[in-house]
Every structure is written in structure tokens, then in C-alpha cells.
Amino acid sequence: MRPWKLCGVAVVVALAATACGGGAGAGPGTDQGADGQGGSGFPVRVADCQGVTTTFSAAPRKIVTSNAAALEMLLRLGAGDRVIGTGFPPGKGALPGDLDAKARKVPVLSKSAIPKEKLLGSGADLYIDSFAAMKIMGGSAGDAPTAEEFKAAGIKHLYLASTACAPMAKKPQRDLSGVEGDIKRLGAVTGTAERADELVAGMRAKVGKVRRAVGDIAPDKRPTYFFFDYDAGTKQPVAVCRKQVANAVIGQAGARNVFEGCDGDFKPVSWEDMVAKNPDWIQLGVRNRGDAAANAKAFDEAAEFLKSFPPTKGLAAVRHGKFLRIGSERTTVAGVGNADTVEKIAHTIHPTRFKAAR
């Protein structure tokens, strides 16, 4: 963690995937000077997952984002008009309100990982990377550009710590400090620090209410919870592990991720493993289809699969319909929406706790 300097005073903050209270281990930090070039708050120095520092003397003007997570953060920060392209664009209707319309205007450089040559030739001065390496995302992207290639193209490379750095971190993600750190770092780099503080404060207020309602429940008394990634396929389930953002979301909501024991962020598991966990609740993780009717149909299909699939149909959670219909993006993709999902899960699995608080 590095010092954040404001008004000549060094203040330590959590800016990585990382952070205070059970984040995902050592990761990027930000050192913001108050009197440098480029306006108030610059220069800004940002460390990547390995501690290599990049200095911003002014806010970037042409930004490319690797996926919808980074794009949404910039839109919420008010810096969306500087985004000149994205990979993995958000599905229609995946973002709330006018953010969806703004996202539709951003040029799509690729529906998956942005090909190396297209990224290097984009004209961007900043690339915000949600992945540890582009090649792990598959598709035609090939290898990620090297540091030398980014430099030659005039592109600075910034990671979302809560996703890119998490798999290599030493600790699991058990709170949203990594996501908050990403928002604050992007706010510092884009000159929208005040808005970043507002977004983080809003997240903390929501999660704080949940913590006050369910925080005293002993870990072994918390209901067990399985995130069923329906869109990852039904032949073999893919678990969210302890270093994935969803693990923090589930834990903050007062539940226990049944696959918190697996290392990394995602891991294919067997249906036998899942059944043996016998979760109390199952989230039907469905990606946004673009309209409410299509989403409802997808949730119905996911539920029906579990009810008819021989290995799972006998589970108590399946027999009693203890399903949560919450979209995948709000759970597994880092962003402000993670706090909303914490609220929704908590209110569903601990309803009496919130009725008593009224």
C-alpha cells in the first residue's frame, strides 16, 4: 500500500485488491501529489500488480477499456466521454439507467479480448486492463502487448486490481475494499477523485447497513451459498473461489461461499463436489439478455435445469426453491453494483434481521 497525498498531507488508503479487512493481498497502490503538472492532484503514481509504477502528469484523454467493468466505472465517474473503445462490451440493458445508453455509444473494438494489434493501434493514451493477461480470455487476441510495446505505442497500462491482481494475491477477497480501491485509483488518474469518493461512500453505506444487521452471526451459523454460473455451461459447474469478487459479495451478505476453499478466482468443479456441499441457497447466475422477459426466461431455464438434473434435483435448496435470481454481472464483475448485490442477497437469506431493524 502506498501513501495518497492530498493537500500536502500523506494519508494511507486501501487502493488495491488488497486492502484493509481481508482484501486480496498486496496489489496496486496510488501516490497522488497535490501540486504537480496537469492540474490539482497530479502527478499521480500508480503501481501495478508487481509493484511497477506508472506516473500520470495529467488526466488521460483517450482511454480503451478491456471490458464492461472498467467501462462502467469510468461512466459512473463521469469520464465515459474519454473512452474511445472497449472489449467485452456490456450486454444491452446490463447497465442501469442512462449508463446503458452511454455505454452503447462507445465503439466496440472486440466482443471478447481486444486483438493486440488493434489495441496498440487504437490511438489510446491509457488502457485499463481487467485481466492479468489477455491470452487467458481466449479468442483471437493472442498474447497481451509487452510493456515495451505499450510504451512504443504511447499507451499507459493500468490494471483493475480487484480482478487482474486477485488470482496472484496471497489473501482471499472477503470485503469490497479491492473494488473501492479500483474506483478511487481511476478517480485519481482521471481527475474525478471527488466523484470516486461519493461512489465509494455510497457502497460503504449500503454494505454497512447489512453488516449491522447480520455481522454478529457466527461464521458456522451462516447459511451456505452456491453461485451457479448457468451461462458457463451445465456439463461441469464453474465455482467462484476465494479470490473472486463474488466471494466478498457473498461473505459480506452474511453467507458462506461453499467453494471458498478453492484457490484462485474461478475453478471448474464436478457436480459431485457441488452436491456434496449441499448449499442452503443457490444463486442462479444468469448474464443479462437485454430485456426483462429474456432475463426471466433464462432464470427459469436455470432453475428448471437444477430441478430436473438427476445429481441436483434431490438437494433441499432445489426442492424448496431456495433460489436467488441475481444477474452474474452484479456479482462477479467488479463495480458499484456489488454493494447492491450484497443488499439483495442479505435481504433474501436473512429477512427477519431486516424486519427487526425497521
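In this report, the structure presented in the accompanying data block is examined.

## Here we look at the packing of aromatic side chains
At step 1: Applying the stated criterion across every chain, the model contains 10 aromatic pairs.
At step 2: Members of the aromatic cluster, connected to one another through ring pairs, are Phe226, Phe228, Tyr230, Phe259, Trp271, Phe305 and Phe309.
At step 3: The residue whose ring lies beneath Lys156 is Phe56, and the NZ or CZ to ring-centre distance is 4.9 Å.

## A word on the sheet that holds strand β10 (residues 224-229)
At step 1: The strand order across the open sheet formed by 4 strands is β12-β10-β14-β15, and the pairing between neighbours is parallel. With one partner strand each, in any of the chains shown, β12 (256-257) and β15 (323-324) form the two edges of the open sheet.
At step 2: Sheet topology note: the β10/β12 ladder contains 2 bridges and is parallel. Each bridged residue has a counterpart across the sheet, and for Tyr225 the counterpart in β12 is Asn257.
At step 3: Contacts from helix α10 (residues 292-308) reach β10, β14 (281-285) and β15, with the element oriented near 135° to β14.

## Quick word on the state of the cysteines
At step 1: According to the stated counting rule, one finds 2 disulfides in the structure shown.
At step 2: The partner cysteine of Cys49 in its disulfide is Cys165, sulfur to sulfur 1.9 Å. Residues Cys49 and Cys165 are joined through a disulfide that is left-handed, its torsion about the S-S bond being -80°. Here Cys165 lies in helix α5 (residues 161-165) and Cys49 lies in the loop between β4 (44-47) and β5 (53-56), a separation of 116 residues in the sequence. Just as Cys49 is buried, Cys165 falls in that class too.
At step 3: By sequence-ordered numbering of the bonded cysteines, the protein chain has its disulfides arranged as 1-2, 3-4.

## A closer look at the nonpolar core
At step 1: Among the nonpolar cores identified, the biggest contains 58 residues, and Ile128 and Ile183 are the most heavily contacted of them.
At step 2: Ranked by the residues each element gives to this core, the list is headed by helix α7 (residues 193-214), at 8 residues.
At step 3: The contacts of Ile128, once residues within four sequence positions are left out, are Ile63, Val64, Thr65, Ser66, Ala70, Leu74, Leu158, Leu160 and Leu186.
At step 4: Membership of the second largest hydrophobic core comes to 24 residues, among which are Ala239, Val258, Phe259 and Val269.

The rules behind the values
- Residues numbered from 1 in each chain as written.
- Predicted model: local features only at pLDDT ≥ 70, side-chain atom pairs only at ≥ 80, totals over all residues.
- Heavy atoms only, no water.
- Phe/Tyr/Trp six-rings, centres within 6.5 Å; stacked < 30°, edge-to-face > 60°.
- Lys NZ or Arg CZ within 6 Å of the ring centre and 35° of its normal.
- Pairing = 2+ DSSP bridges.
- Helix = DSSP H or I, 4+ residues; strand = E, 2+ residues; numbered from the N terminus.
- Contact = heavy atoms within 4.5 Å.
- Axes fitted to C-alpha atoms, helices over the stretch in contact; angles between N-to-C directions.
- Disulfide = S-S within 2.5 Å.
- Buried < 20%, exposed > 50% of the residue type's maximum accessible area, 1.4 Å probe, protein only.
- Core = buried A, V, L, I, M, F, W, Y, C linked by side-chain atoms within 4.5 Å.

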